[in-house]
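Summary of the model geometry
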Amino acid sequence: MHRRFWLFAGIAAALVAASASATATAKLASGKTASLKAAPFAQAWANVPRSPAARKARGTLVFAGEQDPSGFNGLQATQSSAWAVYEGNTPVIRGAYIIDDQGQYHLDLATSVKATKDSLDIKIRPTANWMWGSKKMPVTADDFIYTWKQIVNPNNQAASTTGYVNIASAAKKGSKEVIFKWNKSCAADALAKGTCAVGAFADFRDLFGFVYPSKALVGLDWNTLWGDCVCGTDGKPVSDGPFYLSNWTKGQGVTLKKNPGFYGHKAQLNEIDWKFYADTNSEIQAIKTGEVDAAYPSPQTALGELKSQPGLVYNTNRAYIMEHIDIQLGPKGNPLLKNLWMRQAIVQAINRVSLIKAIFSSYAPGVKPLNSLEYILGKAAIPHFAKYATSQKKAVAILKAHCTGGPSAPTRGNTNYWTCGGQKAEFRWFTTTGNSRRAASAAIFQQQLQAVGIKINPEFRPGPSVLFGQTLPSHDYDLAEYAYVFGSPDPSGNDGVFKSTSDGNYTQYNNPKVDKLIQQASTDFNPASRQAKYEQIDAILSNDIPIFPLYTYPSILIYRKAVKGMQHSNSPVSAGPAWNAEFWHF
């Protein structure tokens, strides 16, 4: 789907809706508004059997939902989150390809995709249809064209336009084939703004990861549609996947029901209820008592007690999920962070090995520090960031050369903090609420940085509604710890994070050489030379440190032994645990 999803890692203490159902309003192009909402989750939950045996008989599976989506338009910047994709996108809205549990691409909505230096030719599955309420209509070339136009529309807030801005035009070849032409040239101002890119896009398989139902969305404002449902202009559910979203209430949960018109393998379950749990202990208790049948929990020390729980399958795997620290380089951040020496001091004061040991040893051993930003798994992950192995003595030496007032040597419990050019070495540290792992991480980093004379003030924020919807896009922070869920195994999913003109570049990092290499890599169809460019980008990033990688944390999937068909993905890039939900059964 060619983007990266923000994973507000851990269970968010979300803002629970006061009303019984979602009631957000969608803006129409005419200026009028329409209230589009899913039915209340409570209505569905009232009919869900409380015992595993009764749910099995009904073909109903309850899955623990960790994080509360802010909406289900997964390619829109303020609604983009991993759990929106898990719960309401891939099981409901399909794309040209789907990525399996081994990171391999398989044609899905498309039966053929052919890319050349001149064009991208997509043939759509003849049997692919939309279910819109009681209506049935084909998935067509118009839907692909609509998707492209909405993503590149300057009035829309797309999470990423990478690759789509390489497209110059689109032409239909019948109703089930579309041919996109690549840009041969771009105006200088469009190139500078990143609204146009020249040449074929090498990572074409990650385009059109979601395709929108154009006829069902006529007149709706793309920035606000699907804020409270996955539906058409009349509020009725729309889907071309194995399930449709029937119920949702913010802070409570999501209900998916079987779509009998799905072109692929017919869903074996009748219903999936994603029940939201606002804290780790509640989720673990629900697993123990049988209230839920499966869970995809973010790493938490408390999960260790489930490893030997009778009747459960407990799987761990390395994930395409990168835990990291953003460092704000723009004008709203502490100006000291613009200095490379300060960034070097911070990352060398941090001890990732001790952090990982404290967090993971009891329930997911084997996690190691991550030393690459472009390739986080596999042989291509050259450890460019390994040079920042912990050395608090070096951190103090760096600070002593530029600042005054700090400790003469690393000191546990130190109370002497540096002042550098009249500016205090004191930083706001933003992360997410309601997660014991994050709370532990903030406390550990606070102690480690205090020892070298740097003060951080942790501030905890709800994930989608505040941290991702407001704080990060506003650039009004100093340091922020959270996770990226990779939009694909391809490193180009990172482009929007580091490209100077991208809305997804929250750190406001700007390096013309990186911009140039990104542009060159995006049109390079030679795998070896393309990889070399991304490795060069990673080397530059390791020198500039706009982001500091911490670790690829383990993907954990827990389910009852009675549940069959779940395949634990080490690349939750397409749908997370629900990438093959149509095969789940008892």
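Being a predicted model, the structure only gives us computed values, none of them experimental.

What follows is about the nonpolar core. The biggest cluster of nonpolar side chains holds 171 residues, and the ones touching the most others in it are Phe 63, Phe 144, Phe 180, Phe 208, Met 342, Phe 427 and Trp 584. Ranked by the residues each element gives to this core, the list is headed by strand S24 (residues 547–560), at nine residues. Residues contacting Phe 427, with those up to four places away along its chain left out, are Asn 334, Leu 336, Leu 337, Met 342, Ile 346, Ile 454, Lys 455, Ile 456, Asn 457, Asp 478 and Leu 479.

Attention now goes to the sheet that holds strand S12 (residues 177–182). Adjacent strands of a sheet form backbone hydrogen bonds with each other and so pair up, either parallel or antiparallel. Spatial ordering of the open sheet is given by S7-S8-S12-S11, a layout of four strands whose pairing is antiparallel. On the outer flanks of this sheet lie strand S7 (110–115) and strand S11 (167–172), each paired with one strand and no other. In this sheet, adjacent strand axes meet at a mean angle of 15 degrees when their direction is disregarded. For S11 and S12, the ladder comprises five bridges, and the chain directions are antiparallel. The partner of Ser 169 across the bridge, within S12, is Lys 181. Along the sheet face, helix H4 (residues 141–152) touches strand S8 (119–124), S11 and S12 and points at about 160 degrees away from the line of S11.

Once that is clear, we can look at the state of the cysteines. By the definition in use, this model includes three disulfides. Between the sulfur atoms of Cys 186 and its disulfide mate Cys 196 the distance is 1.9 Å. Since a negative S-S torsion denotes a left-handed disulfide, the Cys 186-Cys 196 link at about -70 degrees is left-handed. Residue Cys 186 is found in the loop between S12 and helix H5 (188–193), and its partner Cys 196 is found in the loop between H5 and strand S13 (238–239); the two are separated by ten residues along the sequence. You can call Cys 196 buried: its relative accessible area is 13%. There is a disulfide in this structure between Cys 229 and Cys 231, and the S-S distance comes to 1.9 Å. The pair formed by Cys 229 and Cys 231 is uniform in burial state, with each residue classed as buried. If you count the bonded cysteines of the protein chain from the N-terminus, they pair up as 1-2, 3-4, 5-6.

Cut-offs applied
- Residues numbered from 1 in each chain as written.
- Predicted model: local features only at pLDDT ≥ 70, side-chain atom pairs only at ≥ 80, totals over all residues.
- Heavy atoms only, no water.
- Core = buried A, V, L, I, M, F, W, Y, C linked by side-chain atoms within 4.5 Å.
- Buried < 20%, exposed > 50% of the residue type's maximum accessible area, 1.4 Å probe, protein only.
- Helix = DSSP H or I, 4+ residues; strand = E, 2+ residues; numbered from the N terminus.
- Contact = heavy atoms within 4.5 Å.
- Pairing = 2+ DSSP bridges.
- Axes fitted to C-alpha atoms, helices over the stretch in contact; angles between N-to-C directions.
- Disulfide = S-S within 2.5 Å.

Bear in mind that shape data such as this cannot, by itself, settle questions of function.
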